[in-house]
Amino acid sequence: MIPTFYAMVLVATLWLVLLWLAARLRPGAHSRRLGLVLGVAAMLLLFLPVGEARLWSWAFGFCPNPSMLLLGVVCAGLWQRLFGLEVLKAADWTAVWRFAAIAGSTLYLQPMVAGRLDLYYWGWEHGVAAWALAGLAVAFLAVGNRLGVLLLAGLIGYSFDALESVNAWDYVVDPFIWLGSLGVLATRAAQGALARRRARRAASAPPFGVSGGASPIN
Amino acid sequence: MPIKPEPAAPPAAATPAAAPSPDDDPRPAARRPLPLPLRHRVVLIAAALVVGFATARHDRDGFDAAPVKIATPAAAAARAPAGAPPAAADAPYFAESWVSPVPHVPAAHSSAICPLPGGELLATWYGGTREGAADVAVYTARRAPGAAGWSRPEVAVDRAIAQVELDRVIKKVGNAVIFPDHSGTLWMVYVSVSVGGWSGSALNVKTSVDNGRTWGPSRRLTISPFFNLSTLVRNKPIFASDGRIGLPVYHELALKFPQVLWLTPKPAGGMLEYRLRSLAAKTGLIQPSLVPLGGDRVLMMLRDRRRERRMHTAYSEDNGWTWSDAAPSNLPNPDSALDAVRLPDGRILAVYNHAHSGRENLRLAVSPDAGRTWRAGPVLEAAAGREFSYPYLVNDAAGRIHLTYTWQRERIKHIEFNVAWLDRQLRQEVAAQQ
């Protein structure tokens, strides 16, 4: 029996990957019908035998607690590919990546830098965890950021024990979204640094070199 | 922060000319106005507050506080049905037996033993062609009251069973411990690995209502934030008078440190809730063994994975909820598991490998001052080039002490003795030294 929430995340992720692959292989062939076919294929892929077990069994063994943030990001990507609708705006994406990077780094790296703290424990304290999630959701919603909706979804999932984990923090951050967010932010930082470097070079270049054809001989 | 009303987002089908293009906005993307309408925000904020309030109300009173009181062995023995007659404690008593039979499996390791009501004993260990092999299973065997031998081993859980019960790929199973809760339900907590080596371990719980003859389905515990990796179990728990069970566990991935897993049973048995207290400041120390000292005090003894190679101790003054810094003891520890119990007269009895490297001997030690100083006692096993390891020590209701350990990585051995035998051995050692 596949846990419902986990199956949703896995199907959505597989579906998104298949849509992305289809777009790469046949750029002009996108249609709603193809999207639907790939969705069914994603569901069937769950039951693909890999060695001695089904694909979902391998994936569930590795990551049984995908966060609501991951589901939201995957669903936003899926929606955009299927219907062309931008569910999350640029500022929402920025907030998602920054939140996941900060929350994941704090949670996963804390034992290495501050062993006396025990942040993960507080995710089992219903009162503390519920108000912390609600407070974060309210803060982001108040400024109109859709990350608040994802945090609210995490809080609702926590209150219904949607995951195998009963720790509240697992509902809003997981290692996949954490590593993904670090990758996105690192890429953005590198791109920003490159752009600034190019701009500095362009500003300091001699005017006769701009056209590209001038040379001291001419 | 005041919330400014914003116009509703244009429909997706609207032409781009109807709304300003994000590319025209000179501000950074993170600061651009967001088209989340005000009424949506208000509804969602109200929903967050309602759900937050409702979820927080589910908090169970008292779970965030230290357990009320830890049951000492004497108190636990008083509750448990009597086994062998207490009179047997007066005369020195010592007996040895093999828990696992000779042709059982090529490799056997990491045993645990649990006294059952009526004087029966139940032991568990894992065995297979080698440690970590796919055919490794967690076995149990029992010894009837008064019997000399153990029953044939039975598989409690193996890779195939765990895979079905946990709905996921399981690569191997490992360390297991068994213990009863306040209702008499027997618990088994065992290690399983889906990815990698022992650092990829996770813990699972099974329960039995017929003293370990049959076991219910496995339930996975999520107690590590990073892919739920690297929590292992080795030693016996402590029991709080409010029913909670404090099981010593440990973490091995990247950093190695002790933890205490607090399990809350349902009134009629089975697991209601769990949560973990990590002691990440005690790096390099694993496989904690907990000993109730009476009152609110608990002693933690630790295996040393650092260069120091000394058994370490830490103390809790609030029933195992918070702990002092760990300090080295005067006993060596060759990076090997150890265990301890509190004797009825208040002394602490430990079993360990008395060396800075290798596991070629197994020895008892006694502490008269709650684990601060130790006096090495009788040697139970010693042979060059051999291994005697992973001891597990328990008291029974009749005052006898039961020890199981790995013998040569091939078999599980059981030793049963009483305090009179221990004191006689200690006296003989003193006489021999004089």
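Residues numbered from 1 in each chain as written. Chains lettered and ligands numbered in written order. Predicted model: local features only at pLDDT ≥ 70, side-chain atom pairs only at ≥ 80, totals over all residues. Heavy atoms only, no water.

Visitor: When you look at the overall build of chain A in this model, what are you seeing that I'm missing?
Guide: Along its length, chain A carries 8 helices and 2 strands. The secondary structure elements of chain A, listed N-terminal to C-terminal, are α-α-β-β-α-α-α-α-α-α. Taken over 218 residues, chain A has a buried fraction of 44%. Taking the intrachain contacts of chain A between residues at least 6 apart in sequence as the baseline, contacts between residues at least 24 apart amount to 72%. When the accessible surface of chain A is summed, it comes to about 11300 Å², and 70% of that surface belongs to carbon and sulfur atoms. Distance between charge centroids for chain A: 23 Å, based on 16 positive and 9 negative side chains. (Helix = DSSP H or I, 4+ residues; strand = E, 2+ residues; numbered from the N terminus. Buried < 20%, exposed > 50% of the residue type's maximum accessible area, 1.4 Å probe, protein only. Contact = heavy atoms within 4.5 Å. Areas by Shrake-Rupley, 256 points an atom, 1.4 Å probe, with all protein chains shown as cover. Lys, Arg positive; Asp, Glu negative; His and termini not counted. Charge placed at Lys NZ, Arg CZ, Asp CG, Glu CD.)

Visitor: Would you explain the packing of helix α4 (residues 68-83) of chain A against helix α5 (residues 90-113) of chain A in this entry?
Guide: A pair of packed helices is captured by two measures, namely the crossing angle of their axes and the spacing between those axes. All names here are of chain A. The contact between α4 and α5 brings their axes to 12 Å, and the two run at 150 degrees. Viewed along their axes, α4 and α5 adopt a mutual orientation that is roughly antiparallel. For the pair α4 and α5, the sense of crossing is left-handed. Residues L69, V73 and A76 of α4 lie in contact with α5, whose contacting residues are W93, V96, W97, F99 and A100. When the residues that make up the contact of α4 with α5 are grouped by side-chain class, the tally is 8 nonpolar, no polar and no charged. (Axes fitted to C-alpha atoms, helices over the stretch in contact; angles between N-to-C directions. Parallel < 35°, antiparallel > 145°, perpendicular 65-115°, else oblique. Left-handed = near helix turned anticlockwise from the far one by under 90°. Nonpolar A, V, L, I, M, F, W, Y, C, P; charged D, E, K, R; others polar.)

Visitor: What's the story with helix α1 (residues 38-57) of chain B in this structure? I'm lost.
Guide: Owing to its 3.6 residues per turn, the α-helix brings residues three or four apart onto one side. Spanning 20 residues, α1(B) covers 29 Å between terminal C-alpha atoms, matching the ideal 28 Å at 1.5 Å per step. Residues B:R41, B:I45, B:A48, B:V51, B:G52, B:T55 and B:A56 constitute the buried set of α1(B). Looking down the long axis of α1(B), one finds its buried residues gathered within 135 degrees of arc, a one-sided arrangement. Residues B:R39, B:V42, B:V43, B:V50 and B:R57 are exposed on α1(B) and point more than 90 degrees away from its buried face. Looking at the packing, one finds that the buried side of α1(B) touches α6 (126-142) and α7 (147-159) of chain A. (Expected span 1.5 Å × (residues − 1). Arc of directions from axis to C-beta.)

Visitor: Help me understand the sheet that holds strand β16 (residues 297-304) of chain B, please; the structure alone is not making it clear to me.
Guide: Two pairing modes exist for strands in a sheet, parallel and antiparallel, and in both the strands are linked by backbone hydrogen bonds. Residue and element names in this part refer to chain B. Strand order in the open sheet formed by 4 strands is β15-β16-β17-β18, and the pairing between neighbours is antiparallel. Each having just a single partner strand, β15 (285-294) and β18 (327-332) make up the two edges of the open sheet. Each strand of the sheet is rotated relative to its neighbour by a mean of 30 degrees, with strand direction disregarded. With 3 bridges joining them, strand β17 (residues 310-316) and β18 adopt antiparallel strand pairing. Its bridge partner being in β18, H312 is matched across the sheet by P328. (Pairing = 2+ DSSP bridges.)

Visitor: Honestly, the sheet that holds strand β23 (residues 388-395) of chain B in this entry has me stumped. Any pointers?
Guide: All names here are of chain B. In spatial order, the strands read β1-β25-β24-β23; together these 4 strands make up an open sheet with antiparallel pairing. Two strands lie at the open edges of the sheet, namely β1 (94-98) and β23, each paired on one side alone. Along the sheet, successive strands turn relative to each other by an average axial angle of 20 degrees, direction set aside. Pairing of strand β24 (residues 401-407) with strand β25 (residues 411-417) involves 7 bridges; the strand directions are antiparallel. Within the sheet, the bridge partner assigned to L403 lies in β25 and is I415.

Visitor: Even after reading the chapter, I still don't get unusual backbone geometry, so can you show me in this structure?
Guide: Where the residue is not glycine, phi is negative for most of them; where a peptide bond is considered, it is trans in most cases. Residue and element names in this part refer to chain B. Not every positive phi belongs to a glycine, and S110 is a case in point at roughly 55 degrees. Looking at the secondary structure, you find S110 in strand β2 (residues 107-115). The backbone of N319 sits at a positive phi, close to 65 degrees, despite the residue not being glycine. Its place among the elements puts N319 in the loop between β17 and β18. Accessibility expressed as a relative area gives 3% for N319, which makes it buried.

Visitor: Just to check I follow, could you spell out the interface of chain A and chain B for this structure?
Guide: One frequent convention defines the size of an interface as the accessible area lost when the parts assemble. Taken together, the contacts link 56 residues of chain A with 52 residues of chain B. Taken over both partners, the interface formed by chain A and chain B buries close to 4700 Å², and the fraction arising from carbon and sulfur atoms is 67%. Three residues, A:Y121, A:W124 and A:H126, lead the burial of chain A against chain B; their summed loss comes to 13% of the area buried on that side. In this structure, the connection of chain A to chain B is made through 4 salt bridges. The partner of A:R116 in a salt bridge is B:D325, with the nearest N and O atoms 2.8 Å apart. Elements with a minimum of two residues in the side of chain A that touches chain B: α3 (55-62), α5, α6, α7 and α8 (175-204) of chain A. Tallied by class, the residues present in the side of chain A that touches chain B amount to 35 nonpolar, 11 polar and 10 charged. (Buried area = accessible area lost by both parts, 1.4 Å probe. Salt bridge = Lys/Arg side-chain N within 4 Å of Asp/Glu carboxyl O.)

Visitor: How should I be thinking about the confidence of the model for chain A in this particular structure?
Guide: Any region with low pLDDT has predicted coordinates that should not be read closely. All names here are of chain A. For chain A, the mean per-residue pLDDT works out to 88, and 93% of the residues sit at or above 70. Of all the helices and strands in chain A, strand β2 (residues 53-54) carries the lowest mean pLDDT, 85, while α7 carries the highest, 95. Note on residues 212-218: pLDDT is under 50 here. Beyond four places in sequence and across chains, it has 2 contacts. (pLDDT = per-residue confidence, 0-100.)

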